[in-house]
Amino acid sequence: MTELSYSWTEDVLSTLGETGVMIRCGDAISEAVHRRVMSVCTLLEKSQLPGILEWLPSFASVTLFYDPLISPYHEVCGRLLHELNKMQVATLAEPRTIIIPVCYGGELGPDLEYVATEHGLTPDEVIAIHTSGDYLVHMIGFAPGFPYLGGLSEKIATPRRPTPRLRVEAGTVGIGGKQTGVYPVTTPGGWQCIGRTPLALFRPMENLPSLLAAGDRVRFASISLQEYLEQKEGER
Amino acid sequence: MSIEVIRPGLLSTVQDEGRMGFRRYGIHPGGVMDTFAARAANALVGNSRDAAVLEMTITGPELRFHENRLISLCGADLTATVDDLSVPLWRPVVLLAGSVLRFGRCRSGLRSYMAIAGGIVVPEIMGSRSTDLKTGFGGFKGRALKVGDRLSVGEASREAQAALHGLIVEAEKNNWRMHAPAWYLSSREWPAYHAEPVIRVMPGKDSAEFNEDSLERFHKERYVISPQSDRMGYRLEGAKLELVQPMDRLSEAVTYGTVQVPADGQPIILMADHHTIGGYPVIAQVARVDLPILAQAKPGDRVTFERITYEEAQQLFLEQELEWRLADQLIRRRLAEMGDHQ
């Protein structure tokens, strides 16, 4: 696995406060770097190093949080490097693919027409392109359950709205430049709103509070307004 | 039984030590801003350190107690009174049933913590009772307190029950509504609360990206806390900080106390309700032992940053933890003894 042949030396480790260690896995947004990030997460999950409380993957790094009363920094780093250098044999978990149903256009996606016009496409063509994409969840952040998705087609990449809307409803599917994503909670937002999913992306009362996790694959599927209303998951 | 909110104050929320283990789902730990004051408040009423407390900001609430309760107030001095008598801070206090606890002018600090023996009981969400104001979940219905809310209280620990009993006997004998023992947590134990605090920071991951002048200014000059500061972040105004050359770092983890510098060159310190990830250059990280001091600093206060190493910061943190464990034991013993002697 060539993606994993990476130089795991002390240089890739840095501190984040007295309780955090950042593990740099590269310096670009790419699938190879992402695979390395996910390998490190799998490693942390399996190896159960003492004192490790949680970890947080991002585009090109993983940050782990630990209890220095159990293991001080140099001990955490020592064990970590030892594990990282054995990692070549680690096997990656098969990614999950999650289908997100979306009711495109109309009141639930007021900017679909605009996106279509901008690219000289029909709304149906925009939907066809958006639903044919194979998206990768690089990380979850910004808001609870908010996925940073890679893989939007350049054909429908559209700049953000000049003035953000004061209220974007939870479940809204948007396009912001070369990114696409779903607002998990109702918030102000500047992305082009092209549809809405009936699924709840943020589920505070459940065991796993986020529908998506870094490493997941996402596909969007077009549904009718009728189907949207039938599938709508309870408001928080 | 419950505690009734007659007036809610400016921003009173239920908080505990925060929500750990969910950063990877975009959920920040949150929790109390001044971890020292909250922990002291809990210890003084015999609670475990993770019990939920009330965090009250600048303008305190007015609360009616329907039963005899052992409480403690730590952190900012919001001039609390019962029947026009001052409620002492940093010590256990018994309030008899029917008492109304009122808060007045903010005399020092910004956030006051009230612990109640048994802790405030609200549903635990993701292992925590903290209010997430931004997303609106956790704590008391995911929001700040309002008029008419009623806070439920859990069962007091054995030591707290002993102390409560001892204090009630004394109070009833003298016909007092409120009574506190003579002992308290001495100011020698507190963090160095100050309106012009010196905050110790260690270098951030991008310190080397800033030019020499900027690094020097950051550690020499005073920064004023801007009114646009809240539980999410403190915006600072002062000497402009500049990079050697523009950098484009991918967004990655940040934490409580991370000092970011956006393009305008004015630093922002991320506080308890920070985003889980951030993309601005990070010039420094506030030492954990000094976060409580910062949490009590208010808009207009002036902060200076003193440089320490990562090793020093971790050592200070470990020492404080060990001191706490000892203090906690001593306080529990004191509480239990109050039942014996009175």
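Provided above is the structure to which this section pertains.
Quick notes on the rules
Residues numbered from 1 in each chain as written. Chains lettered and ligands numbered in written order. Predicted model: local features only at pLDDT ≥ 70, side-chain atom pairs only at ≥ 80, totals over all residues. Heavy atoms only, no water. Helix = DSSP H or I, 4+ residues; strand = E, 2+ residues; numbered from the N terminus. Rg over C-alpha atoms; globule rule 2.2 N^0.38 Å. Buried < 20%, exposed > 50% of the residue type's maximum accessible area, 1.4 Å probe, protein only. Contact = heavy atoms within 4.5 Å. Areas by Shrake-Rupley, 256 points an atom, 1.4 Å probe, with all protein chains shown as cover. Lys, Arg positive; Asp, Glu negative; His and termini not counted. Charge placed at Lys NZ, Arg CZ, Asp CG, Glu CD. Pairing = 2+ DSSP bridges. Core = buried A, V, L, I, M, F, W, Y, C linked by side-chain atoms within 4.5 Å. Buried area = accessible area lost by both parts, 1.4 Å probe. Salt bridge = Lys/Arg side-chain N within 4 Å of Asp/Glu carboxyl O. Polar contact = N/O pair within 3.5 Å; in protein donor to acceptor, adjacent residues only side chain to side chain. Nonpolar A, V, L, I, M, F, W, Y, C, P; charged D, E, K, R; others polar.

A. How the structure looks around the overall build of chain B. Within chain B one finds five helices and 22 strands. A compact globule built from 342 residues should have a C-alpha radius of gyration of about 20 Å, and chain B, at 21 Å, falls within 12% of that. With the principal axes as the frame, chain B shows a C-alpha extent of 70 × 35 × 35 Å. Taking all 342 residues of chain B together, 58% fall into the buried category. Restricting to contacts in chain B with at least 6 residues of sequence separation, those with at least 24 account for 77%. Total accessible area computed for chain B in this model is approximately 14,000 Å², and 49% of it derives from carbon and sulfur atoms. One way to put it: in chain B the 40 positive side-chain charges average out to a point 4 Å from where the 44 negative ones average out.

B. The pairing of strand β12 (residues 192-196) of chain A, seen in detail. All names here are of chain A. Here β12 lies mainly inside the structure; five of its five residues are buried. Judged from the two bridges that link them, strand β5 (residues 97-104) and β12 form a sheet pairing that is antiparallel. Considered in β12, the bridge of tyrosine 104 is made with glycine 195. Where strand β9 (residues 172-176) and β12 come together, four bridges link them in antiparallel fashion. When the sheet's bridge partners are listed, threonine 172 is paired in β12 with arginine 196.

C. Seen up close, the nonpolar core. By size, the foremost hydrophobic cluster in this structure holds 90 residues, and its most contacted members are Leu101(B) and Met114(B). Looking at this core, the element that brings in the most residues is helix α1 (residues 35-44) of chain B, giving seven residues. With near-sequence residues (within four places) excluded, Leu101(B) lies in contact with Pro61(B), Glu62(B), Leu63(B), Phe65(B), Ile71(B), Ala80(B), Thr81(B), Val82(B), Val87(B), Leu95(B) and Met114(B). In terms of nonpolar packing, the next biggest core, distinct from the first, is built from 36 residues, Val21(A), Leu49(A), Tyr73(A) and Val76(A) among them.

D. Fine view of the interface of chain A and chain B. Each side of the interface is counted separately: chain A has 45 residues, and chain B has 40 residues. Roughly 3,400 Å² of surface becomes buried between chain A and chain B when both sides are summed, with 66% attributable to carbon and sulfur atoms. Counting the surface chain A buries against chain B, the share from its top three residues, Glu18(A), Glu54(A) and Leu69(A), is 21%. Counting the contacts that link chain A with chain B gives two salt bridges. Across the salt bridge formed by Glu54(A) and Arg23(B), the nearest N and O atoms sit 3.1 Å from each other. Viewed at the interface, chain B and chain A are joined by 13 residue pairs in polar contact (both at pLDDT 80 or more). Elements with a minimum of two residues in the side of chain A that touches chain B: β1 (13-16), β2 (20-24), β3 (52-57), β4 (61-66) and β6 (135-140) of chain A. The dominant element in the side of chain A that touches chain B, judged by the number of residues it contributes, is β3(A), at five residues. In terms of residue class, the side of chain A that touches chain B is made up of 30 nonpolar, 10 polar and five charged.

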